[in-house]
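# Chains, contacts and geometry: an overview
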Amino acid sequence: GRSFITIGEIQRRPTDSILQDRDGTLWFGTMRGLFRYDGQTWKRFSTDDVLWKSNDVKAIFQDHRGILWFGTENGLIRYDGRNWKTFTTDNSGLANNNVRPISEDREGYLWFGTGGSGVSRYGGEIFTTFTTEDGLSHNTVREILQDREGNLWFECSLNGGVSRYDGKTFVTFR
């Protein structure tokens, strides 16, 4: 038969995102903070430990450099293994503090889908935002994927359809 190990506080929290980083550590995003499991020890990170504004971690992503990114209801958090940095609409060019999907394209740009303000692209220094005014089908972005040809696909709000971005223009499919 199967056996399940309960893991204390995380067992009572819905998990919105899970990632295994390149070192094998597991990260769990929940409504009550971020949990890390290294194979032996659990650690919870919350607004009490780190300078971020929300315990509701919706997305976890590791970029090609090994940096971890966490999308929350109140901003974007970057963790390089030592330092935490929070990006919000107040301190950066991030389009919206409600960050859901995170992806990285072949050129190394990071893409952050938001809950109502389109998608933000980050190249290490500035954020560039794309919205319905640029051709995106809807400003709530739920998923991001890059295909084999290098096109980016954005699955938007429930009835917003799907948009394909070739690096120059958006095409929407409904």
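Up top is the structure.
Residues numbered from 1 in each chain as written. Predicted model: local features only at pLDDT ≥ 70, side-chain atom pairs only at ≥ 80, totals over all residues. Heavy atoms only, no water.

### Focus: the overall build of the protein chain
A tally of helices and strands in the protein chain yields 0 helices and 16 strands. Compactness check: the protein chain gives a C-alpha radius of gyration of 17 Å against a globular reference of 16 Å for 174 residues, within 12% of the reference. Dimensions of the protein chain, computed from the C-alpha atoms along their principal axes, are close to 50 × 45 × 25 Å. Looking at the protein chain as shown, the accessible area adds up to about 9,800 Å², and 42% of this sits on carbon and sulfur atoms. (Helix = DSSP H or I, 4+ residues; strand = E, 2+ residues; numbered from the N terminus. Rg over C-alpha atoms; globule rule 2.2 N^0.38 Å. Areas by Shrake-Rupley, 256 points an atom, 1.4 Å probe, with all protein chains shown as cover.)

### Things to note about the pattern of salt bridges
Under the counting rule described, the total for this entry stands at 5 salt bridges. Across the pair aspartate 16 and lysine 58 runs a salt bridge, and its minimum N-O distance is 3.2 Å. With aspartate 16 in strand S1 (residues 15–20) and lysine 58 in strand S5 (residues 57–62), this pair connects stretches of sequence that are 42 residues apart. In this structure, a network of salt bridges that share partners links the residues Asp16, Asp56 and Lys58. (Salt bridge = Lys/Arg side-chain N within 4 Å of Asp/Glu carboxyl O.)

### A look at the pairing of strand S8 (residues 84–87)
In this structure, strand S7 (residues 75–79) lies alongside S8, joined through 4 bridges in antiparallel fashion. The residue of S8 that forms the bridge with isoleucine 77 is threonine 86. In textbook terms, the turn of a hairpin is the stretch between consecutive antiparallel strands, and for S7 and S8 this stretch comprises 4 residues, one of which, glycine 81, has a positive phi near 100°. (Pairing = 2+ DSSP bridges.)

### Section: the sheet that holds strand S12 (residues 127–130)
Taken in spatial order, the 4 strands line up as S9-S10-S11-S12 in an open sheet, and their pairing is antiparallel. In this open sheet, the two edge strands, each paired with only one partner strand, are strand S9 (99–104) and S12. Taking each pair of neighbouring strands and ignoring which way they run, the sheet shows an average axis angle of 25°. Direction of pairing for S9 relative to strand S10 (residues 110–114): antiparallel, over a ladder of 4 bridges. (Axes fitted to C-alpha atoms, helices over the stretch in contact; angles between N-to-C directions.)

### With respect to the sheet that holds strand S3 (residues 33–37)
Spatially, the 4 strands line up as an open sheet ordered S1-S2-S3-S4, and their pairing is antiparallel. At either end of the open sheet lies a strand with only one pairing partner, and these are S1 and strand S4 (42–45). Shown here is a sheet whose adjacent strand axes are inclined to one another by a mean of 20°, direction ignored. Pairing of S1 with strand S2 (residues 26–30) involves 5 bridges; the strand directions are antiparallel.

### A closer look at the nonpolar core
Core analysis: the largest hydrophobic core is formed by 13 residues, its most contacted members being Trp69, Leu76, Ile102, Phe112, Tyr122 and Phe127. Those elements that provide at least two residues to this core are S5, S9 and S10. If we skip the residues at most four places from it in the chain, leucine 76 touches Trp69, Phe70, Gly71, Lys85, Thr86, Phe87, Leu94, Val99, Ile102, Phe112 and Phe127. Among the nonpolar cores identified, the runner-up in size contains 11 residues, and Val119, Phe130, Leu136 and Cys156 belong to it. (Core = buried A, V, L, I, M, F, W, Y, C linked by side-chain atoms within 4.5 Å. Buried < 20%, exposed > 50% of the residue type's maximum accessible area, 1.4 Å probe, protein only. Contact = heavy atoms within 4.5 Å.)

### A look at the side chain of glutamine 146
Position of glutamine 146 relative to the elements: it lies in strand S13 (residues 141–146). Among the polar contacts listed, one links the side chain of glutamine 146 to the backbone nitrogen of arginine 106, at a separation of 2.9 Å. Engagement of the side chain of glutamine 146 in a polar contact is seen with the backbone oxygen of glycine 150, the distance being 2.9 Å. Once residues lying within four places of it in the same chain are set aside, the contact partners of glutamine 146 are Glu104, Asp105, Arg106, Glu107, Asn151 and Leu152. (Polar contact = N/O pair within 3.5 Å; in protein donor to acceptor, adjacent residues only side chain to side chain.)

### As for the pairing of S12
In the sheet, strand S11 (residues 119–122) pairs with S12 via 4 bridges, with the strands oriented antiparallel. From the neighbouring strand, valine 119 faces S12, where its bridge partner is phenylalanine 130.

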